[in-house]
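Fold and contact review
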Amino acid sequence: MQFEHIPHPSPLSDAEREAILANPGFGTNFTDHMVTIEWTDEAGWHDAKVEPRAPIQLDPAAAVLHYAQEIFEGLKAYRHGDGSIALFRPEQNARRLNASADRLAMPHVPEDLFIEAIRQLIAVDGAWVPSAEGSSLYLRPFMIATEAFLGVRPAKRYKFMVIAGPAGNYFKSGAPAVSLWISDYTRAAPGGTGAAKCGGNYAASLVPTRDAFSRGHDQVLFLDAVEHKWVEELGGMNVFFAFDDGRVITPPLTGTILPGITRDSLIQLLREEGLSVSEEPYSIDQWRADAQSGKLVESFACGTAAVVTPIGKVAGHDGEFTIGSGGPGQITSKVREQLVAIQRGTVADTHGWVLTVG
């Protein structure tokens with residue numbers, strides 16, 4: 001597919017951009033351009049553009065506004081030491097987007113088109129990829145239903161877009177390990193949309209996340225919807241548990257949690273370190289007991305935005321407990337270093353995970 005390029009009439013100056021890159025934050029600054037591609041029943045994907053980032057014009061009856069047909073992805077572009085720009089496992093993001101599309105009755109975006117859209121955006125906004133340690137360019141591909149109608153059925157018109165912005169530290173507290181609040185709310189139920197990366201899942205998490213913040217914690221922890229005892233995931237991250245006998249557990253993918261790409265990568269890296277990694281249910285009561293006995297030595301969360309983050313404390317209505325020393329553990333630190341080194345190109349990529357795009 002050919003992309004039409006429409007240059008920005010007044011992009012930020014080099015000085016303005018460099019000031020943002022010096023302290024990018026997360027999710028509040030954006031590059032000059034965006035990608036848009038249209039889809040209709042009749043024409044399929046067409047009208048691909050790289051154009052100035054601007055508000056989207058939507059009919060008030062657009063299906064996304066009334067029936068929440070919306071899915072998205074998150075991945076990062078990294079500046080390597082030689083100046084090149086690379087993505088980490090972008091084909092997995094494309095496949096997960098299409099899995100989400102299946103659940104929300106939306107069209108697939110071909111994997112090569114998904115990656116080419118990102119490549120096209122980086123070609124014009126590559127100067128926005130930071131080189132500072134710990135920083136990257138966060139990419140947000142997403143799809144919305146744009147057909148104007150009122151009626152409960154899948155839309156017949158969609159828009160796929162990619163926007164981007166420089167990213168620094170995800171957590172604002174700066175603490176060496178995050179603190180979690182066990183939510184009374186449920187994130188997802190069997191048969192629901194828990195495994196899809198759709199906006200509705202995150203909208204439902206906002207009240208419990210606000211509750212966690214108001215109690216002085218960094219993130220919310222969700223338990224299962226049926227028994228409210230099994231650990232599932234955080235507000236936007238998967239979770240791992242490491243034990244003193246070399247075992248590591250992470251909750252299984254049963255359709256109620258998001259199949260994280262970072263999660264899958266860590267499972268492979270941990271096994272290569274000789275650790276026994278299993279995907280099995282783990283209850284909040286067992287987590288508390290194992291932490292208090294010392295059997296559990298580390299817990300950590302993972303995701304694209306936060307990468308690998310130690311969990312230091314878990315609190316709920318029944319009290320709180322600390323994991324290990326309450327700070328980063330050896331396994332957490334080592335696997336984070338390994339993953340970041342692959343992403344940033346400071347070690348050889350023996351897995352074929354890194355794709356150079358600029």
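What comes next concerns the included structure. Values in this document were obtained by computation on a predicted structure and should not be read as measured data. (Residues numbered from 1 in each chain as written. Predicted model: local features only at pLDDT ≥ 70, side-chain atom pairs only at ≥ 80, totals over all residues. Heavy atoms only, no water.)

**Here we look at the overall build of the protein**
The cut-off we apply is this: Only DSSP runs of H or I covering at least 4 residues are called helices, and only runs of E covering at least 2 are called strands; the numbering of each starts at the N terminus. Here the term buried applies to any residue with accessible area under 20% of the maximum for its type, exposed to any over 50%, and partly exposed to those in between, with areas from a 1.4 Å probe on protein chains only. Throughout, a residue-residue contact means that at least one pair of heavy atoms, one from each residue, lies within 4.5 Å. Residue burial considers only the protein chains on display, and all accessible areas are found by Shrake-Rupley using a 1.4 Å probe.
Broken down by element type, the protein carries nine helices and 18 strands. If you line up the protein on its principal axes, its C-alpha atoms span 60 × 50 × 35 Å. The buried share among the 358 residues of the protein stands at 53%. Looking at the protein alone, contacts between residues at least 24 apart form 71% of all its contacts between residues at least 6 apart. Working note: accessible area of the protein is about 15500 Å², and carbon and sulfur atoms make up 51% of it.

**A look at unusual backbone geometry**
Its identity as a non-glycine residue notwithstanding, D47 has a phi of 55°, on the positive side. If you trace the backbone, D47 turns up in strand β3 (residues 44-52).

**A closer look at the nonpolar core**
Filter applied, for reference: By convention a nonpolar core is built from buried Ala, Val, Leu, Ile, Met, Phe, Trp, Tyr and Cys residues, the set being connected through side-chain atoms within 4.5 Å.
Grouped together as the largest cluster of nonpolar side chains are 43 residues, with contacts concentrated most on I37, F114, L139 and F160. Among the elements that make up this core, the one with the highest residue count is helix α4 (residues 111-125) (seven residues). The contact partners of I37, leaving out residues within four places of it in the chain, are M1, F3, W45, H46, D47, A48, L113, A117, Y158, K159 and F160. Residues I182, F241, I249 and I284 belong to the second largest nonpolar core, which totals 23 residues.

**Regarding helix α8 (residues 284-293)**
All buried positions along α8 are accounted for by I284, W287, R288, D290 and A291. Looking one or two residues past α8, G294 carries a phi angle of roughly 90°, positive in sign.

**Thoughts on empty space enclosed by the protein**
To keep things clear, this is the line we draw: Using protein atoms alone on a 1 Å grid, points that fit a 1.4 Å probe yet trap it form a cavity, whereas open point sets bounded by protein on both sides within 12 Å along at least five of seven lines form a pocket; residues with an atom within 4 Å of a point count as lining. Grid points are joined across faces, edges and corners, and a volume is the space filled by probe spheres set on the points.
Counted under the stated rule, the structure contains one cavity of 30 Å³ or more. Computed from the structure, the largest cavity encloses a volume of approximately 110 Å³. Lining the largest cavity are G74, L75, K76, Y78, F88, N93, I261, T262, G303, T304, V307 and Q343. Contributing elements (two or more residues each) for the lining of the largest cavity: β5 (75-79) and α7 (261-272).

**Here we look at the packing of α7 against helix α9 (residues 330-344)**
Quick reminder of the rule: To get an axis, a line is fitted to the C-alpha atoms, and for a helix only the part in contact is used. The angle between two axes follows their N-to-C directions and goes from 0 to 180 degrees. If an angle is under 35 degrees, it is roughly parallel; if it is over 145, roughly antiparallel; if it lies from 65 to 115, roughly perpendicular; otherwise it is oblique. By the definition used in this description, the sense in which the near helix is turned from the far one sets the handedness, with an anticlockwise turn below a right angle giving left-handed and a clockwise turn giving right-handed.
Between α7 and α9, whose axes approach to 10 Å, the crossing angle comes to 110°. By the angle between their directions, the pair α7 and α9 is classed as roughly perpendicular. In the crossing of α7 with α9, the sense of the turn from one axis to the other is right-handed. Residues T262, S265, L266, L269 and L270 of α7 touch α9, and the partners they reach there are I331, V335, Q338, L339 and I342.

**Structural notes on a nonpolar patch on the surface**
For clarity, the threshold we go by: Residues forming no salt bridge and having over 30% relative accessible area are the ones grouped into patches, like charges within 9 Å of each other and nonpolar side chains (Val, Leu, Ile, Met, Phe, Trp, Tyr) within 5 Å. We count a salt bridge whenever a side-chain nitrogen from Lys or Arg sits within 4 Å of a carboxyl oxygen from Asp or Glu.
A contiguous nonpolar patch, built from Y67, L150 and V152 and spanning about 350 Å² of accessible area, is present on the exposed surface. Judged by its relative accessible area of 80%, V152 falls in the exposed class.

**A short note on the packing of aromatic side chains**
In plain terms, the rule: We call Phe, Tyr and Trp rings a pair once their centres come within 6.5 Å, taking the six-membered ring for Trp, and we label the pair stacked below 30 degrees between planes, edge-to-face above 60, and tilted otherwise.
Under the criterion given, the structure shown has 12 aromatic pairs. Three or more aromatic residues link up through ring pairs in this structure, and these residues are F241, F243, Y282, W287 and F321.

**Here we look at the pairing of strand β17 (residues 319-322)**
As a reminder of what qualifies: Any two strands are treated as partners once DSSP identifies two or more bridges connecting them.
Summarising the sheet, strand β16 (residues 307-316) and β17 pair through four bridges and their orientation is antiparallel. Bridge pairing links V314 to F321 in β17. In this structure, the hairpin formed by β16 and β17 is closed by a connection of two residues.

Geometric descriptors of this kind do not, in isolation, establish any biological role.
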